[in-house]
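# Commentary on secondary and tertiary structure
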Amino acid sequence: MNILLTFLLLMNAVMITAQDINSLVSQQISTIRSGNRPEYKVLDQAISKNPEAVLKALAPYPSDTLEKVRDWTYEQYHRILLLREKPLSMRREIVEKLVEGLSDRQIVIRNDCVDYLTQCSRQDFTPQAQEQFGNRFNSKSWFSKDLLLLAGFIGDASCRTTLEGLARSPASDQRRLQWQANLALSRMGDNNAMNWCLSQITRIGINDDVTYELLPGLIY
C-alpha cells in the first residue's frame, strides 16, 4: 500500500508515532529529489497532530545539498509556526532554525526566512537567537529592506553599528536602504533616526510614493 494512503488512514488514529512521521517526511523528500511536487495535505495533517515529531523529522534537511529540499524544509518550519496553539518553546526552536537559514547560500531561501521571521513576536527570539541574528546581519553578505526592518524589530544592540553605517550612506544606490536603516534605528528608539525620517517626508511632501511606500513603515 502506498505510504501516503497508509498515512491518511493513520490520521484517524488518536496517536501518530514519530516513526510514522519520519517515514512520511522521508517520502516527501524523495518526491522532491525526483523533481515532483510533494503532497502538502498529508503533511499538514501530521503537523496538526504531532508538530513536535515533524520538527524532529525535519532536522537533517536544512543542510541538504539540494536547494529545493532546503527551501521546502524552511517552508514546513513556517507552516508549523502558523499553528494557532503551540508552546513558546516550540516557537523559539523554529525561530532559531529560521535564523540559521539566513546563512543559506541561496538568496531566495534567505529572503524567505526573513519573511517568515517577520511574522514572529519579540518574545520568540531567545538571547541566543538574537546573537545569531546579529552575527549574520553584521556579516554584511546581503541586505534587503525587510532584513533591515527585522533588525530594528528584534532590537539587538549588536546590529546598531551596521545600521548606523547604512543610515549615513550618501550613495544614491543605497538611498532605499538608507531609509530602511533609519526606520530600523527608529524602532530601536533612536530619536535622531526618527527625526531624519520625518525630515525626509517633510522635504518630499505627500505623494503616492510617500503614502504607500514610506509612511506605512514609519507608522509601524
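Heads up: these notes are all about the structure in this document. Note that the coordinates shown come from a computational prediction; the quantities given were computed from them, not determined experimentally.

Parameters and conventions
- Residues numbered from 1 in each chain as written.
- Predicted model: local features only at pLDDT ≥ 70, side-chain atom pairs only at ≥ 80, totals over all residues.
- Heavy atoms only, no water.
- Helix = DSSP H or I, 4+ residues; strand = E, 2+ residues; numbered from the N terminus.
- Phe/Tyr/Trp six-rings, centres within 6.5 Å; stacked < 30°, edge-to-face > 60°.
- Buried < 20%, exposed > 50% of the residue type's maximum accessible area, 1.4 Å probe, protein only.
- Contact = heavy atoms within 4.5 Å.
- Core = buried A, V, L, I, M, F, W, Y, C linked by side-chain atoms within 4.5 Å.
- Axes fitted to C-alpha atoms, helices over the stretch in contact; angles between N-to-C directions.
- Parallel < 35°, antiparallel > 145°, perpendicular 65-115°, else oblique.
- Nonpolar A, V, L, I, M, F, W, Y, C, P; charged D, E, K, R; others polar.

What follows is about the environment of A151. Positionally, A151 belongs in helix α9 (residues 145-154). In sequence terms A151 and A184 are 33 residues apart; their C-alpha atoms lie 6.6 Å from each other.

Below, the discussion takes up the packing of aromatic side chains. According to the stated counting rule, one finds four aromatic pairs in the structure shown. Ring geometry for F133 versus F137: centroids 5.9 Å apart, planes at 20°, classification stacked. Taken together, the positions of F133 and F137, both in helix α8 (residues 127-138) and four residues apart, correspond to about one turn of that helix. Each of the two residues, F133 as well as F137, counts as buried.

On the secondary structure map, G165 appears in helix α10 (residues 160-167). On the accessibility criterion, G165 (36% relative accessible area) is partly exposed.

Once that is clear, we can look at α9. Among the ten residues in α9, eight count as buried, and that is most of the element. Every buried residue of α9 is accounted for by L147, L148, L149, L150, A151, G152, F153 and I154. Structurally, α9 contributes buried residues whose contacts are with α7 (107-117), α8, α10 and α11 (175-187). Taken from the residues just after α9, G155 is the one with a positive phi, measuring 75°.

Glancing now at the nonpolar core. Core analysis: the largest hydrophobic core is formed by 56 residues, its most contacted members being V25, L98, L117, F125, F133 and L163. Aside from chain neighbours lying at most four places away, what touches V25 is L43, A57, L58, Y61 and W72. By size, the runner-up hydrophobic cluster in this structure holds five residues, among which are W179, L183, C197 and I201.

Secondary-structure assignment places G189 in the loop between α11 and α12 (191-204). Once the C-alpha coordinates of G189 and G152 are considered, the two residues, 37 residues apart in sequence, prove to be 9.2 Å apart.

A word on the packing of helix α6 (residues 88-100) against α8. Helix-helix packing: each pair is described by the crossing angle between the helix axes and the interaxial distance. It is the contact of α6 with α8, at a shortest axis distance of 10 Å, that shows an interaxial angle of 10°. In terms of orientation, α6 and α8 fall into the roughly parallel class. Within the contact between the two elements, α6 uses V95, E96, V99 and E100 and α8 uses Q128, A129, Q132, F133 and R136. Across the contact of α6 with α8, the residue classes break down as four nonpolar, two polar and three charged.

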